[in-house]
Amino acid sequence: MVDKFDIVQVRKDFPILDQQVNGAPLVYFDNAATTQKPQVVIDALNQYYTQDNANIHRGLHTLAERATTGYELTRTKLKDFLNTPSTDQIIFTAGVTAGINLVAQTFGRANFSKGDVILVSNLEHHSNIVPWQMIAQETGAEVQVIPVDEVGVLDMEAYGQLLTSNRVKLVAVNHVSNAIGTINPIKQMIDMAHQVGAKVLIDGAQSVAHFDIDVQALDMDFFVFSAHKLFGPTGVGVLYGKREILESMPPYQGGGEMIKEVSFSGTTYNELPYKFEAGTPNIADVYAFGFALDYLKSLPADAVWEQEKSLLDYATEQLSQIDGLRIVGQAPEKIAVVSFVIDGVHPQDVGVLLDKFGVAIRTGHHCAQPLMARYDIVGTCRASFAFYNTKEEIDLFIKALKRCLMMLS
Ligand SMILES: Cc1ncc(COP(=O)(O)O)c(C=O)c1O
């Protein structure tokens, strides 16, 4: 399989990569923030708006039918992609943030009370911390934290101890840390939580683009991710939930589509998934997202993984040779993300200067301020790779980084 991965062709599939930025070839190493889109996704958006655009579900005319079929086709593709038991457990949202807020405001509101515990980890993105703090404040529940060690691995012994309180209602953890790339042992974490009767929400923002997810094999209660980190459009996300849990949850937002019948004496709610999809959804982007899923499926998965792993190893090796540079997060299990700090240099200065050489990385706290606090740093420089990146780009990045450091010294 591996030899079928044709990097030249793959790069051609992503037209944005072929451009000069500030007089240099673009090196896009900000894939953890958002991924680029293949031509098939761009074409699908164009085709939808030039031929099929209409509102979905209630129209009887041909365009409404086409738009509805296109939108629902993506749900069917996702059933296969995530191995969900049915399509109606797949709820379209605006992204991970929207999905987590939905669960907090429905499941949380219905299930948390004074003294209950919501467990998050020290590795979380703010979007998997703040919604829990908000609902905790309202319900009297408490947010507790699974600690992380020096290299970026979660302390599983501490996790086990935190679970013994018997008041843990929900564990909300990411599959992969966006800030430092750690892959968490989610199967083990889910099994441990289930043993004490807690439910588990997995934030898959950084994992879906890198490995296969089987929500049933992993026994996930909730799984959330954003299409834009999976080579699809912005403004679309997915919330998967176990049927009995989703059915027990009250609706989130009220409005069109989420109802069965409305009268001034009372309203009955729609079936899954529509109960949680109030209003006109992001039809075009959901439709185009289906093409991103097809595109990913067409690539040889093993070769994609190999490509990313070789980029991670090469970048780690090259960066480690730079004086005064320290890699933050060296977990044995990592995706292709390298976060680093350099003695006496502010990450932002590095980011701004690298851009002058056409290199796009991310600097700052990566929406993970508690993790930065854990390591006593203000932020890091983060290079994050996708399968369309190359070792030659890493060479350009390292060369540019060395020039930046000379300019800053
Ligand atoms: C781990 C993780 N969780 C949540 C999010 C939030 O995703 P979105 O902004 O698409 O809602 C991100 C985005 O960077 C992330 O990396």
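Residues numbered from 1 in each chain as written. Predicted model: local features only at pLDDT ≥ 70, side-chain atom pairs only at ≥ 80, totals over all residues.

### Brief notes about the site of the ligand
1) Next: If you check the shell around the ligand, you find Gly 95, Val 96, Thr 97, His 125, Ser 127, Asn 128, Asn 174, Asn 178, Asp 203, Ala 205, Gln 206 and Ser 226 and nothing else.
2) Next: Taken together, the residues of the shell around the ligand sort by class into two nonpolar, nine polar and one charged. (Near = placed C-beta within 6 Å. Nonpolar A, V, L, I, M, F, W, Y, C, P; charged D, E, K, R; others polar.)

### Things to note about the packing of helix 11 (residues 347-356) against helix 13 (residues 391-408)
1) Next: Where helix 11 meets helix 13, the axes come as close as 9 Å, and the angle between the chain directions of the two elements is 120°. Looking at the two axes, helix 11 sits oblique to helix 13. The two elements helix 11 and helix 13 meet at a crossing, and its hand is right-handed. Here Asp 349, Val 350, Leu 353 and Leu 354 of helix 11 come into contact with helix 13, specifically with Ala 400, Leu 401, Cys 404, Met 407 and Leu 408. (Axes fitted to C-alpha atoms, helices over the stretch in contact; angles between N-to-C directions. Helix = DSSP H or I, 4+ residues; strand = E, 2+ residues; numbered from the N terminus. Parallel < 35°, antiparallel > 145°, perpendicular 65-115°, else oblique. Left-handed = near helix turned anticlockwise from the far one by under 90°. Contact = placed C-beta atoms within 7 Å.)

### A closer look at the sheet that holds strand 5 (residues 117-121)
1) Next: Across the sheet, seven strands lie side by side as 4-10-9-8-7-5-6; this open sheet has mixed pairing. Edge positions in the open sheet fall to strand 4 (90-93) and strand 6 (142-146), since each of these has one partner strand only. The average undirected angle you get between the axes of adjacent strands in this sheet is 20°. (Pairing = 2+ DSSP bridges.)

### A closer look at helix 5 (residues 130-139)
1) Next: Among all positions in helix 5, only Pro 131, Trp 132, Ile 135 and Thr 139 are buried. Buried residues of helix 5, seen end-on, are gathered within an arc of 95° and therefore sit on one face of the element.
2) Next: If you follow the buried residues of helix 5, they end up packed against helix 4 (96-111), strand 5, strand 6 and strand 7 (168-174).
3) Next: Phi for Gly 140, located one or two positions after helix 5, is positive at around 90°. (Buried ≥ 20, exposed ≤ 12 C-beta atoms within 10 Å, placed from the backbone. Arc of directions from axis to C-beta.)

### Quick notes on the domain arrangement of the protein
1) Next: Taken domain by domain, the protein consists of domain 1 (2-30 + 300-408) and domain 2 (43-297).
2) Next: Averaged C-alpha coordinates put domain 1 and domain 2 at centres separated by 28 Å.
3) Next: On the side of domain 2, 21 residues touch domain 1, which itself brings 18 residues to the contact.
4) Next: Among the secondary structure elements, those contributing two or more residues to the side of domain 1 that touches domain 2 are helix 10 (301-320), strand 14 (337-342) and helix 12 (369-374).
5) Next: Per-element accounting of the side of domain 1 that touches domain 2 gives the leading share, three residues, to helix 12.
6) Next: In the side of domain 1 that touches domain 2, the residues fall into nine nonpolar, four polar and five charged. (Domains from an automatic or database assignment.)

### So, the sheet that holds strand 13 (residues 325-328)
1) Next: If you trace the four strands from one edge of the open sheet to the other, you get 13-14-17-16, paired in antiparallel fashion. Each having just a single partner strand, strand 13 and strand 16 (362-364) make up the two edges of the open sheet. The sheet shows a mean angle of 30° between the axes of neighbouring strands, taken without regard to direction.
2) Next: Strands strand 14, strand 16 and strand 17 (380-384) of the sheet are contacted by helix 11, whose axis makes an angle of about 155° with strand 16.

### What about the nonpolar core?
1) Next: Within the largest apolar cluster, 115 residues are counted, with the highest numbers of intra-cluster contacts made by Val 171, Val 200, Phe 222, Phe 223 and Val 224.
2) Next: Here this core takes nine residues from helix 9 (residues 283-298), the largest share from any one element.
3) Next: For this core, the domains that each give at least three residues are domain 1 (2-30 + 300-408) and domain 2 (43-297).
4) Next: Once residues within four sequence positions are removed from consideration, Val 171 is found in contact with Leu 119, Met 189, Ala 193, Ala 198 and Val 200. (Core = buried A, V, L, I, M, F, W, Y, C linked by C-beta atoms within 7 Å.)

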